Amino acid sequence: CKQSYSHGPQVIFCTQPLHPLERTISTDSDDTVTDGRKAARSSSITNEPTTPTSAKNEFCRGCSSEKTGFISRDDDAQVNYISSKQPYDREVYSMSRQACLKSLTGEVCPGKDGPIFFGNDQQGHVLSYTFHINDTQARGSCTRYSILVVMMDKIYLLNSWPFLVPHLKTVIEHITKKANVVYEREKIKLPLQPPQASRVRSKPARSLIDLTDDRNIFKILHLSFVWILKACGNRITETLLEGPPTEDSIIDMEKQEETEEGFCLIFSKKVNIDEVEEESSNNETAESPETAEEEGPAITNIRHLMKILGEDKFHVLAHHVVIGNQIVVQSSMASIVRSVFNALKSLLPKGCCRVIPYSHQYEESWKCNFLGLVPEVELPLHIMSDESFVLVEISLEDQKPTDTQTKEEENDDLLKRLVFKMASPTTLPEKAPNALYKMELALQNEDLTDTVVEHYLICLKEEWMNKVKVRFKFTKAGGNRTAEDTKKLMQVIGAKEEDTPLLKFWMQGLSLQYRQHILTASKSSR
């Protein structure tokens with residue numbers, strides 16, 4: 001949009017997506033119904049026939065863009081992106097016209113230049129980024145413009161703010177940089193003109209092509225707007241929830257919110273800059289680029305891991321996993337180490353999994369409960385006596401001469417020759433948690449497919465997370481809780497004494513949202 005001093009704000013360029021079989025109504029005829037491709041081809045030949053008659057007389061050189069529009073087709077998504085002077089649909093034209101008027105007159109952000117949000121459910125919601133371009137022939141030596149993003153979905157637009165604003169700023173900087181070159185060039189010639197010439201405008205208002213001295217400026221804008229619209233649409237997707245969100249899904253959403261640059265943060269943790277820098281440096285030493293991209297044989301899932309280990313070894317390892325002991329895996333095969341961790345993570349809620357997949361130094365258990373190490377690393381002496389962990393060393397049997405094999409056959413042969421050695425200074429309880437026994441029964445049941453087992457583990461973990469929630473609320477609600485009270489609670493939730501280590505560890509898997517809710521409620525009740 002452009003602020004014209006002769007006839008007010010005007011829409012000068014519009015980019016919009018048209019989907020297949022989308023109803024496209026021409027502004028000259030209410031009977032035109034075509035698909036996106038036909039509408040694009042029939043309407044983008046020239047802008048003027050598609051412009052309402054009330055606006056035809058408002059054209060001037062300064063408000064012109066391109067006599068012909070631009071079309072970009074996304075074959076994957078079957079979407080046409082069309083750029084022209086005016087939108088083709090009457091309703092869209094009305095919304096963009098109202099948004100243009102407000103963005104350059106009534107709705108002004110502090111400092112006049114910058115992004116602002118306004119709108120309503122009837123006329124649409126608008127993200128407006130206002131800026132000015134230096135112009136030696138304009139009143140006040142500058143002309144005001146704004147780039148608008150108009151949507152009916154308020155939440156979608158607000159959540160797209162952190163993405164849209166930086167990219168719109170990049171487009172604006174590109175335009176103003178070109179315009180400043182023209183402005184400085186004209187300013188050098190300006191003092192040579194007679195004083196009367198500076199007070200009398202002898203030329204009409206100039207278009208963006210004149211101000212930037214770039215005949216392709218609108219083609220550049222078309223390509224930029226198409227990319228922004230497509231990338232913004234691909235960035236956020238809708239997920240249909242078939243019930244209340246699980247703790248794992250809430251944790252996933254909290255992690256996504258933490259990437260929104262502080263805009264949509266509702267549940268957040270205070271971040272210490274020193275800790276962030278230390279963590280980033282540790283990550284650099286933990287994984288080198290060579291190992292990060294390494295490909296090789298891998299264990300496909302938790303059932304595959306149990307078959308390779310054997311039921312006895314698997315039971316011991318899984319027992320360490322579900323009660324929170326650190327799992328340290330040493331091997332020269334990085335792909336195997338990662339696949340072991342990916343399989344074991346299916347036994348735990350997502351909030352309980354802290355993984356450093358392949359490191360060249362030992363990391364403390366408070367940083368990670370899954371740690372992969374290269375074979376050369378030796379565990380510190382104090383760890384051997386104080387920490388609760390299990391060390392798993394993975395090696396290969398002696399190489400046997402084989403005929404020429406395909407890569408797939410070679411990987412299968414390698415998996416068969418894996419040797420697992422386990423050692424731990426930690427003495428496990430005699431009885432494992434009941435949740436682990438149920439998991440093992442499902443894994444041993446050959447009648448269940450891998451997909452069924454996967455969904456069963458998800459349901460089982462959610463069942464026990466509900467028990468964890470009750471236990472957490474019980475411990476944080478205040479008051480003096482005796483051992484007898486705790487025993488009665490365990491009976492109510494259907495848990496036994498051997499389940500206590502699991503319940504305590506799985507409290508780490510509770511979402512920040514739930515923790516804050518319980519702590520706030522307990523404080524208000526006192």
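A brief structural summary. None of the values given here were measured: they were computed from a predicted structure.

Quick notes on the rules
- Counting from 1, residues in each chain are numbered in the order their sequence is written.
- Selection of residues for local features in this predicted model requires a pLDDT of at least 70, selection of side-chain atom pairs for listing and counting requires 80 or more, and totals for whole chains, interfaces and linings are taken over all residues.
- Values shown for side chains rest on all heavy atoms present in the structure; no hydrogens or waters enter the calculation.
- Any two strands with at least two DSSP bridges between them are considered paired.
- Comment: elements are numbered from the N terminus, with helices defined as DSSP H or I runs of at least four residues and strands as E runs of at least two.
- The convention used is that axes are lines fitted to C-alpha atoms, helices contributing only their stretch in contact, and that angles between N-to-C directions extend from 0 to 180 degrees.
- Whether two residues are in contact is decided by their heavy atoms: any pair within 4.5 Å suffices.
- Each residue gets one of three labels from its accessible area relative to the maximum for its type: buried under 20%, exposed over 50%, partly exposed in between, using a 1.4 Å probe on protein chains only.
- Whenever two N or O atoms come within 3.5 Å, that pair is a polar contact, provided that in protein one can donate a hydrogen and the other can accept it, and provided that, for residues adjacent in sequence, both atoms are side-chain atoms.
- For this text, the term disulfide refers to a pair of cysteine sulfurs within 2.5 Å.
- The cut-offs work like this: below 35 degrees is roughly parallel, past 145 is roughly antiparallel, 65 to 115 is roughly perpendicular, and the gaps in between are oblique.
- We call a crossing left-handed when the near helix sits turned anticlockwise from the far one by less than a right angle, and right-handed when that turn is clockwise.
- Under the convention adopted here, Pro, Cys and the residues Ala, Val, Leu, Ile, Met, Phe, Trp and Tyr are nonpolar, Asp, Glu, Lys and Arg are charged, and Gly plus all remaining residues are polar.
- By convention a nonpolar core is built from buried Ala, Val, Leu, Ile, Met, Phe, Trp, Tyr and Cys residues, the set being connected through side-chain atoms within 4.5 Å.
- Pairing of aromatic side chains requires ring centres within 6.5 Å, counting the rings of Phe and Tyr and the six-membered ring of Trp. Pairs whose planes differ by under 30 degrees are stacked, by over 60 edge-to-face, and all others tilted.
- For a lysine, the NZ atom is tested; for an arginine, the CZ atom; a charge sits over a ring if that atom is within 6 Å of the ring centre and within 35 degrees of the ring normal.

### Quick notes on the sheet that holds strand E4 (residues 70-74)
Item 1. Here we have three strands laid out as an open sheet, ordered E3-E5-E4, and antiparallel in their pairing. Of all strands in the sheet, those bounded by a partner on one side alone are strand E3 (14-18) and E4. Neighbour-to-neighbour, the strand axes of this sheet turn through a mean angle of 20°, independent of strand direction.
Item 2. By the bridge criterion, five bridges tie E4 to strand E5 (residues 79-84) in an arrangement that is antiparallel. Paired with phenylalanine 70 across the strands is serine 83, a residue of E5.
Item 3. Against the sheet, helix H7 (residues 217-235) engages E3, E4 and E5, with an angle of about 30° to E4.

### Quick word on the side chain of arginine 97
Item 1. Inspection of the secondary structure puts arginine 97 in helix H3 (residues 90-106).
Item 2. Accessibility expressed as a relative area gives 19% for arginine 97, which makes it buried.
Item 3. A distance of 2.7 Å separates the side chain of arginine 97 from the backbone oxygen of proline 9, its partner in a polar contact.

### Some points on the state of the cysteines
Item 1. Applying the stated rule across the entire model yields zero disulfides.
Item 2. Take cysteine 352: it sits in no disulfide, and the sulfur closest to it among the cysteines is that of cysteine 353, at 6.7 Å.
Item 3. A residue is classified by how much of its surface remains accessible, and cysteine 352, at 0% relative accessible area, is buried.

### Quick notes on the packing of helix H4 (residues 154-189) against H7
In a pair of packed helices, the angle between the axes and the distance between the axes together describe the arrangement.
Item 1. The N-to-C vectors of H4 and H7 enclose an angle of 160°; their axes lie 10 Å apart at closest approach. By the angle between their directions, the pair H4 and H7 is classed as roughly antiparallel. Crossing angle aside, the handedness with which H4 passes H7 is right-handed. Across the interface between the two elements, Tyr156, Asn159, Ser160, Phe163, Leu164, His167, Leu168, Val171, His174, Ile175 and Lys178 of H4 pack against Ile217, Ile220, Leu221, Ser224, Phe225, Trp227, Ile228, Ala231, Cys232, Gly233 and Arg235 of H7.
Item 2. Considered class by class, the residues forming the contact of H4 with H7 number 14 nonpolar, six polar and two charged.

### Some details on the pairing of strand E7 (residues 124-134)
Item 1. Here E7 lies mainly inside the structure; nine of its 11 residues are buried.
Item 2. One ladder, built from seven bridges, connects strand E6 (residues 114-120) with E7; its direction is antiparallel. If you follow glycine 114 over to E7, its bridge partner there is threonine 130.
Item 3. Where E6 hands over to E7, the hairpin turn is made up of three residues, counted between the paired strands.
Item 4. Bridge count between E7 and strand E8 (residues 142-151): 10 bridges; the pairing is antiparallel. Bridging from a neighbouring strand, leucine 127 pairs with valine 149 of E8.

### Here's the deal with the nonpolar core
Item 1. Ranked by size, the top nonpolar core spans 71 residues in total, and within it Ile302, Ile327, Leu344, Ile394 and Trp506 carry the most contacts.
Item 2. Apart from the residues within four sequence positions on either side, isoleucine 394 is in contact with Val329, Gln330, Ser331, Met333, Ile336, Val340, Leu418, Val419 and Phe420.
Item 3. Within the second largest apolar cluster, 31 residues are counted, among which are Phe70, Phe131, Ile147 and Ile175.

### Remarks on the packing of aromatic side chains
Item 1. Counted by the stated rule, this structure contains six aromatic pairs.
Item 2. For the ring pair phenylalanine 13 and phenylalanine 225, a centre distance of 6.4 Å and an interplane angle of 45° mean the geometry is tilted. Residue phenylalanine 13 is located in the loop between strand E2 (8-10) and E3, and its partner phenylalanine 225 is located in helix H7; the two are separated by 212 residues in the primary sequence.
Item 3. Take phenylalanine 225: its relative accessible area is 14%, and that puts it in the buried class.
Item 4. The interplanar angle of 45° and the centroid separation of 5.5 Å between the aromatic rings of phenylalanine 341 and phenylalanine 370 together place this pair among those described as tilted. Separated by 29 residues along the polypeptide, phenylalanine 341 in helix H13 (residues 334-344) and phenylalanine 370 in strand E11 (residues 370-373) bring together distant segments of the chain. Each member of the pair, phenylalanine 341 together with phenylalanine 370, is buried.
Item 5. Taken together, Phe13, Phe218 and Phe225 form an aromatic cluster joined through their ring pairs.
Item 6. Against the face of tryptophan 464 rests lysine 467, its NZ or CZ located 5.1 Å from the ring centre.
Item 7. Over the ring of tyrosine 514 we find lysine 469; its NZ or CZ atom is 5.3 Å from the centre of that ring.

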